[in-house]
Amino acid sequence: MRRKKIAVLLCMAALAAALPAPERPVPADAPVELEAGGPPLVALTFDDGPRSSTTGPLLDGLALREAPATFFLVGSRIPGNEELVRRMAVEGHQIGIHTYDHVELKGLSRRDFDLQVGRTRALITQLAGEGNYWLRPPYGLLDKTAEGWCGGPVILWSVDPEDWKDDDIDRVVAAVVEHASDGDIILLHDLFPSSAQAALRIVDTLLARGFCFVTVEQLMEQRGVTPEAGVRYRKIN
């Protein structure tokens, strides 16, 4: 774990070195603005949770590595796992919506859309407070009508190891670390123990290679991208 801690500190130092010296004090929560040549940034994202047996240990591992992530939650899995959602918010992770029943957002009436997206947003808001809870549609599918209803950006992905296919941790890790590059949004699922374990190995490997982990929202802030409602984002350069 000592090597992991050193990698995290080096990542933080690289981020700090990439920042211009401020001419005046800035708020502690102001978005980080990087100059060209800063460390490569990636956003690790998880779909389909929360699940106590896998999301809890994953949060433990991310906390040890000081690596923020983005969790797109299925609303029907929140009851009974409320503390995990609160913990995500407290520990600096971004929380998003993955519908209530993990259904395709195509051909739905406005009422059905609101039952899937609005209901999940309301549950998250009750636990984590008011915020921008962005949408990731199941299977990456939604139609133009749903785009107009989502109320925020649509977050897709640029690296997908298809971790749901099997529990081969080595395969999943290799599929990510061999393809990850600056600005990537990495898709994983915190339903599976193998995916949670693979995620932590991915973090360790990419930290050692000089990458830094940020949430999707932080990635946009640091790249100067203004999120637009209904627009699909796969990679942020």
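These numbers come from a predicted model, not from an experiment. (Residues numbered from 1 in each chain as written. Predicted model: local features only at pLDDT ≥ 70, side-chain atom pairs only at ≥ 80, totals over all residues. Heavy atoms only, no water.)

## Description of the overall build of the protein chain
Heads up, the rule is: Labels follow the DSSP assignment, with helices taken as runs of H or I lasting at least four residues and strands as runs of E lasting at least two, numbered in each case from the N terminus. Only protein chains enter the calculation, and the probe is 1.4 Å; a residue is then buried if its accessible area is under 20% of its type maximum, exposed if over 50%, and partly exposed in between. Here a residue-residue contact requires only that any non-hydrogen atoms of the pair lie within 4.5 Å. Only the protein chains shown count as cover for residues, with accessible areas throughout obtained via the Shrake-Rupley method and a probe of 1.4 Å.
Along its length, the protein chain carries eight helices and seven strands. When each of the 237 residues of the protein chain is scored for burial, the buried share is 47%. Across the protein chain, every contact between residues at least 6 apart in sequence was considered, and the portion connecting residues at least 24 apart equals 76%. Split by element, the accessible area of the protein chain, about 11,300 Å² in all, is 51% carbon and sulfur.

## A word on the packing of aromatic side chains
For clarity, the cut-off: For this analysis, a ring pair means two rings from Phe, Tyr or Trp (six-membered ring only for Trp) whose centres lie within 6.5 Å, classed as stacked if their planes differ by under 30 degrees, edge-to-face if by over 60, and tilted for the remaining angles. Geometrically, a lysine NZ or arginine CZ counts as sitting over a ring once it is within 6 Å of the ring centre and also within 35 degrees of the ring normal.
All told, the structure shown has two aromatic pairs when counted by the stated rule. Seen from their ring centres, Phe46 and Phe71 are 5.1 Å apart, and the 20° between their planes marks the pair as stacked. Taken as a pair, Phe46 in strand E1 (residues 41–47) and Phe71 in strand E2 (residues 70–73) lie far apart in primary sequence, 25 residues in all. With a relative accessible area of 1%, Phe46 lands in the buried category. Looking at Arg119, its charged tip hangs above the ring of Tyr100, at a distance of 3.8 Å from the centre.

## A look at the confidence of the model for the protein chain
Note the cut-off: As a per-residue measure, pLDDT tells how confident the predictor is, with possible values from 0 to 100.
Across the protein chain, the average pLDDT comes to 89, with 84% of residues at 70 or higher. Every residue in residues 1–7 scores below 50 in pLDDT, and together they form seven contacts with partners more than four places removed in sequence or on other chains. This stretch, residues 16–35, has a pLDDT under 50; its non-local contacts, to residues over four places away or in other chains, come to 16 contacts.

## Describing helix H7 (residues 193–208)
Selection rule: A helix is expected to span 1.5 Å for every residue after the first.
The end-to-end C-alpha separation of H7 is 23 Å, in line with the 22 Å expected for 16 residues at 1.5 Å each. Immediately downstream of H7, the backbone of Gly210 shows phi near 95°, a positive value.

## Notes on the pairing of E2
Rule in force here: Between any two strands, at least two bridges found by DSSP are needed for them to pair. When the strands point away from the viewer, a crossover counts as right-handed if the path from the first strand over the helix to the second runs clockwise.
Residues Thr70 and Phe72 of E2 are buried on one face, and the alternating residues Phe71 and Leu73, pointing to the opposite face, are buried as well. As paired strands, E1 and E2 are joined by three bridges and run parallel to one another. Looking at the pairing, Asp47 lines up with Phe72 of E2. The parallel pair E2 and strand E3 (residues 94–97) is bridged by helix H3 (residues 82–90), and the resulting crossover is right-handed.

## Brief notes about the environment of Gly49
Relative to the helices and strands, Gly49 is located in the loop between E1 and helix H2 (52–65). A relative accessible area of 0% means that Gly49 is categorised as buried. Distance from Gly49 to Asp190, taken between C-alpha atoms, is 5.7 Å for residues 141 residues apart in sequence.

## Concerning the pairing of E1
Of all the seven residues making up E1, seven are buried; the element is thus mostly covered by neighbouring parts of the structure. Where E1 and strand E6 (residues 212–214) come together, three bridges link them in parallel fashion. The residue bridging Leu41 from the neighbouring strand is Cys212, located in E6. As paired strands, E1 and strand E5 (residues 185–189) are joined by five bridges and run parallel to one another. Residue pairing for E5: Phe46 is matched across the bridge by Leu188.

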